[in-house]
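Take a look at the letters that make up each chain.
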Amino acid sequence: MSAFTFPVEVAEDCPFGIHNIPFGIYSIPGQARRAATVVGKWIIDLNTLVQNDVFTHADHADSLEGVFLQPVLNDFASLPLAVRQYVRLTIIENLNNAESPFYTNVKVQSQAFVPLEQAEMHMPMRLTDYTDFYSSIVHADTAGKGMNFPIPPAFWEYPMAYNGRVSSVRVSGTEVIRPKGFFLVTPSDSHVQLQPSRELDFEMEMGCFISHPVQAGEIVSAKEAQKHVFGYVLLNDWSARDIQKYEMNPFGPFHSKSFLTSISPWVVTPEALEGSLVQPVASNASVISSHLQNDPNNHAGYDIEFSVSLSRKGSDPVQIVRSYLKDSYWDSLQMIAYQSSSGCGLHTGDLLGSGTNSSATPVSRDPSSPVGCGCLLEAVAANIGLPKVANESVRWLEDGDLVTMEGWFTTPDGKKGGFGPLTGLVVPEKLSGE
Ligand SMILES: O=C(O)/C=C/C(=O)CC(=O)CC(=O)O
Ligand SMILES: [Ca+2]
Ligand SMILES: [Mg+2]
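Residues numbered from 1 in each chain as written. Chains lettered and ligands numbered in written order. Predicted model: local features only at pLDDT ≥ 70, side-chain atom pairs only at ≥ 80, totals over all residues. Heavy atoms only, no water.

**A closer look at the sheet that holds strand 2 (residues 34–39)**
Strands sit in the order 4-3-2-1-5 across an open sheet of five strands; the sheet is antiparallel. Single-partner strands in this sheet number two, and they are strand 4 (113–115) and strand 5 (120–122). For this sheet the average axis-to-axis angle between neighbouring strands, irrespective of direction, equals 50°. One ladder, built from three bridges, connects strand 3 (residues 42–45) with strand 4; its direction is antiparallel. Bridge assignment links Trp-42 to a residue of strand 4, and that residue is Pro-115. (Pairing = 2+ DSSP bridges. Helix = DSSP H or I, 4+ residues; strand = E, 2+ residues; numbered from the N terminus. Axes fitted to C-alpha atoms, helices over the stretch in contact; angles between N-to-C directions.)

Here it is in structure tokens:
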């Protein structure tokens, strides 16, 4: 028997309580990748639950055969919402029942539970498309000043976006190789040179994975978009500001953002976020296209607290950023609606980045407290002093910096839930031949 006993122990600071039940892809040495959820310090292998008849619903059980043996969650994500909700609720019910096979069945006990620290986490989805949006007024205003782009009129009309590079989206823990790009070595130079970025940055974002496709030619309204959401991950849109400043004229970002985008491995469902629903985002109260207008009773205005911590030269991590999703001007349902507007269609596995999540930084604050900037560019542009790390002032990311993002919310039982950490270690650029 495993040490998985009733009642499940979930530490105060653990992101994975009984009502979170995110979905992810894990492996242990010698075994293929497969689907799991997580509670406390335990991975729960989902196919083992299928094989041991935990999911018995007459309408849903058949569709779960083999689905959790896939190396990505796309097949699960494309199942009807009722099936996915049934899986989550059945797991919660079993966790709360001392007589459940989770605690009493020898096979389930010996095969379903894997200590989290023994598992390697992988990309949860096979990505089909990746779009990154622009939804924070504070970010658009402050970072815009840093880039010499005032907030454009379109910002207030729809959630603006650019197309990202699918193959550059990688799971948490992937090293951040310092990117190279073209920019002036000194401002007086007449030509740019290909060189390693000196202004490497992070962007604190949330990613939304699509479940049911939107057919080509079909426009989805924000009011109808919820049924296309599979779930959410944390997303770090690593950005090279020197490359970006040169290349974003007049096109969108290219090399400055296409080297790596990291995501957290656990996909948190909209159901887990229901305890965090607050009011619809601010754009709903202004004049916008009717198909972008949210249903006040079915929107994605969640109260999620984000943080970014930085460790430099192996120092203790220092929380340098704290921001809130509720400060966004646009929500993920409006992003789905806007993405669909051209008739391009959406696919199971499309990833929509929220855009940098920033909140106001109080004018007078303790210099050691985190700032609201969702990226370093904002702090540089607005001359906001970040808390010191390893007794040093922070401007841009240095080789050896470890960046950790977190996102916390309230699960439907009123307890604290989280995404789990999203990390990336900055390593030097590769020299030719390496
Ligand atoms: O021009 C700016 O203010 C900056 C634009 C971006 O960095 C693009 C982007 O990734 C948008 C975002 O994350 O909000
Ligand atoms: Ca971004
Ligand atoms: Mg990126």
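**Some details on the coordination of the calcium ion (ligand 2)**
Octahedral six-donor coordination of a metal ideally yields angles of 90 or 180 degrees, compared with 109.5 degrees for tetrahedral four-donor coordination. Those protein atoms acting as donors to the calcium ion (ligand 2) are Asp-132 (OD), Glu-203 (OE), Glu-205 (OE) and Asp-237 (OD), and they sit at 2.1 to 2.3 Å. Summarised as a motif, the one-chain spacing of the donors to the calcium ion (ligand 2) is D-x70-E-x1-E-x31-D. Taken together, the residues span a long stretch of sequence, with Asp-132 in strand 6 (residues 130–134) and Asp-237 in the loop between strand 14 (229–236) and strand 15 (239–240) at a distance of 105 residues. Both residues of the pair, Asp-132 and Asp-237, belong to the buried class. (Donors = N, O, S within 2.8 Å, 3.2 Å for Na, K, Ca; no water. Buried < 20%, exposed > 50% of the residue type's maximum accessible area, 1.4 Å probe, protein only.)

**Observations concerning the pairing of strand 17 (residues 305–311)**
Counting buried positions along strand 17 gives six out of seven residues, so the element sits mostly inside the fold. With seven bridges connecting them, strand 17 and strand 20 (residues 402–410) associate as antiparallel partners. Counterpart to Ser-311 in the pairing with strand 20 is Leu-402.

**A short note on the packing of aromatic side chains**
A full pass over the atoms with the stated rule returns 19 aromatic pairs. The interplanar angle of 10° and the centroid separation of 5.6 Å between the aromatic rings of Phe-4 and Tyr-103 together place this pair among those described as stacked. Remark: Tyr-103 occurs in helix 4 (residues 101–104) and Phe-4 occurs in the segment before strand 1 (24–27); sequence separation between them is 99 residues. Of the two residues, Phe-4 and Tyr-103, both sit in the buried class. Ring centres 5.4 Å apart and planes at 75° place the aromatic pair Phe-6 and Tyr-103 in the edge-to-face group. Of this pair, Phe-6 sits in the segment before strand 1 while Tyr-103 sits in helix 4, placing them 97 residues apart in sequence. Taking relative accessible area as the criterion, Phe-6 reaches 40% and is therefore assigned partly exposed. (Phe/Tyr/Trp six-rings, centres within 6.5 Å; stacked < 30°, edge-to-face > 60°.)

**Overview of the sheet that holds strand 19 (residues 351–353)**
Strand order across the open sheet formed by seven strands is 7-6-19-13-14-16-8, with mixed pairing between neighbours. Across the chains shown, the open sheet's two edge strands, defined by having one partner strand only, are strand 7 (160–163) and strand 8 (169–171). The average undirected angle you get between the axes of adjacent strands in this sheet is 35°. As paired elements, strand 6 and strand 7 share four bridges and run antiparallel to each other. From the neighbouring strand, Thr-131 faces strand 7, where its bridge partner is Asn-163.

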